[in-house]
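Topology and contacts: notes
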Amino acid sequence: MNRSARAFWLRSPGHGELREITLPDPTEGEVLVRALFSGVSRGTETLVFRGGVPESQHAVMRAPFQEGDFPAPVKYGYLSVGLVEEGPEALVGRTVFCLYPHQSRYVVPVNAVTVVPERVPARRAVLAGTVETAVNALWDASPQIGDRIAVVGGGMVGCSVAALLARFPGIRLQLVDADPARAKTAEALGVDFAAPADALGDCDLVIHASATEQGLNRCLELLTPEGTVVELSWYGDRRIALPLGEAFHSRRLTVRSSQVGTVSPAARPGRGYAERMALALDLLADPALDALVTGESTFEELPELMPRLASGEIPALCHRISYGENGLT
């Protein structure tokens, strides 16, 4: 078996490269995975690419199989789908999802991969990590039947949350974004769309995912008294200002964070990562979620692609990476 592989590394902020590596032999309890596709999550990964992770968050922001340290050199990423080439008989030949960086082959423990259901195409399964984040957010938010809900920020995370909320009965739902092009994505997801100035108010719940100060301020404006904003945005090293004077206290508003990596025990006791990821992959059976993948490039193009994603030249939600002939499945 050929043990060579290639991996994408951030050599220095704003500059990436592909590196040749040699893999170890998988031991008992490990699998060798050949990558089919990976996904670039434009928000977090481009922040890492620009070197924008604050020093205080270096440990918190580490990806499960990250190598190196922030700001660089570092191997980062967490949306990989591949085919198991070696390992336990029950897994060999199965398509799996793993929170692994962009790399053509890799060896990981068996418990680090989740089998992709047969009804979910490998191309769509790269969204599993982000849909799992959306599951977390909705467990934290606990929407109710009849709620008036807005999702502010139509990026990859916001659209994933909106896609799941579209399945809830009896709610009023809007996806709110300053980019009118997001209206097409909202339509594909079966969700009403509005520009920030036109969004419906009196919301019981607002999910914020725009990662902008203006977006969070608008979330507070959209709330009904006693309403809640669930904050999903990651601001990196930026500081933001909030209008916590005015009517914030008299309207008894709530702003709460939603942690991507963990679930509050009070919210969903005993629901660990494996169960959340299996649920996320099951939800990806819905072909409407293909609207969240807005482009595709080859692995060889990744060093030239990342600066264009980071600058906004390519306005992506999730940009899919195909691994040559591996990506034909």
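Up top is the structure.
So, here is what we can say about the structure in this document. These numbers come from a predicted model, not from an experiment. (Residues numbered from 1 in each chain as written. Predicted model: local features only at pLDDT ≥ 70, side-chain atom pairs only at ≥ 80, totals over all residues. Heavy atoms only, no water.)

Observations concerning the sheet that holds strand β12 (residues 192-194)
Read across the open sheet, the 6 strands follow the order β12-β11-β10-β13-β14-β15; overall the sheet is parallel. Where the open sheet ends on each side, the last strands, each with one partner, are β12 and β15 (254-257). If you compare each strand with its neighbour and ignore which way they point, the axes differ by 25 degrees on average. Strand direction decides the pairing type here: strand β10 (residues 148-152) and strand β13 (residues 203-208), joined by 4 bridges, are parallel. Bridged to I149 within β13 is L205. (Pairing = 2+ DSSP bridges. Helix = DSSP H or I, 4+ residues; strand = E, 2+ residues; numbered from the N terminus. Axes fitted to C-alpha atoms, helices over the stretch in contact; angles between N-to-C directions.)

A word on the pattern of salt bridges
Close approach of charged atoms allows side chains with opposite charge to pair. Counted under the stated rule, the structure contains 20 salt bridges. Between R6 and E300 there is a salt bridge, and its shortest N-O distance comes to 2.6 Å. Here R6, found in strand β1 (residues 4-12), pairs with E300, found in the loop between β16 (293-298) and α8 (302-311); they are 294 residues apart in sequence, far enough to count as distant. Taking relative accessible area as the criterion, E300 reaches 39% and is therefore assigned partly exposed. Salt-bridge contacts for R308 lead to E313; the nearest nitrogen and oxygen are separated by 3.1 Å. (Salt bridge = Lys/Arg side-chain N within 4 Å of Asp/Glu carboxyl O. Buried < 20%, exposed > 50% of the residue type's maximum accessible area, 1.4 Å probe, protein only.)

Quick look at the state of the cysteines
Inspection of every chain in the model, using the stated rule, returns 0 disulfides. Take C98: it sits in no disulfide, and the sulfur closest to it among the cysteines is that of C318, at 16 Å. Assessed through its relative accessible area of 0%, C98 is described here as buried. Here C203 stays unpaired: no disulfide links it, and the sulfur of C219, its closest cysteine neighbor, is 9.0 Å away. (Disulfide = S-S within 2.5 Å.)

So, the packing of aromatic side chains
All told, the structure shown has 5 aromatic pairs when counted by the stated rule. On the basis of an interplanar angle of 90 degrees and a centroid distance of 6.0 Å, the ring pair of Y76 and Y78 is categorised as edge-to-face. Of the two residues, Y76 and Y78, both sit in the buried class. Taking 4.1 Å as the distance between ring centres and 10 degrees as the angle between the ring planes, the aromatic pair formed by Y100 and Y106 counts as stacked. By relative accessible area, Y100 is classed as buried at 6%. Aromatic ring contacts, followed pair by pair, group F65, Y100 and Y106 into a single cluster. The cationic tip of R320 hangs over the ring face of F37; the distance from NZ or CZ to the ring centre is 5.9 Å. (Phe/Tyr/Trp six-rings, centres within 6.5 Å; stacked < 30°, edge-to-face > 60°. Lys NZ or Arg CZ within 6 Å of the ring centre and 35° of its normal.)

Thoughts on the packing of helix α3 (residues 128-141) against helix α4 (residues 156-165)
Close contact between α3 and α4 brings their axes to 9 Å; oriented N to C, the two are set at 65 degrees. For α3 against α4, the interelement crossing comes out right-handed. Each of T130, V131, T133, A134, V135, A137 and L138 in α3 lies in contact with α4, whose residues at this interface are M156, V157, S160, V161, L164 and L165. Residues that form the contact of α3 with α4 fall into these classes: 10 nonpolar, 3 polar and no charged. (Left-handed = near helix turned anticlockwise from the far one by under 90°. Contact = heavy atoms within 4.5 Å. Nonpolar A, V, L, I, M, F, W, Y, C, P; charged D, E, K, R; others polar.)

A look at unusual backbone geometry
The omega torsion across F70 and P71 is 0 degrees, close enough to zero to call that bond cis. Looking at where P71 falls in the secondary structure, it is placed in the loop between β4 (67-68) and β5 (74-75). Backbone torsion omega between A72 and P73 reads -5 degrees, so that peptide bond is classified as cis. The residue P73 is located in the loop between β4 and β5 in this model. Phi is positive for R252, close to 55 degrees, though the residue is something other than glycine.

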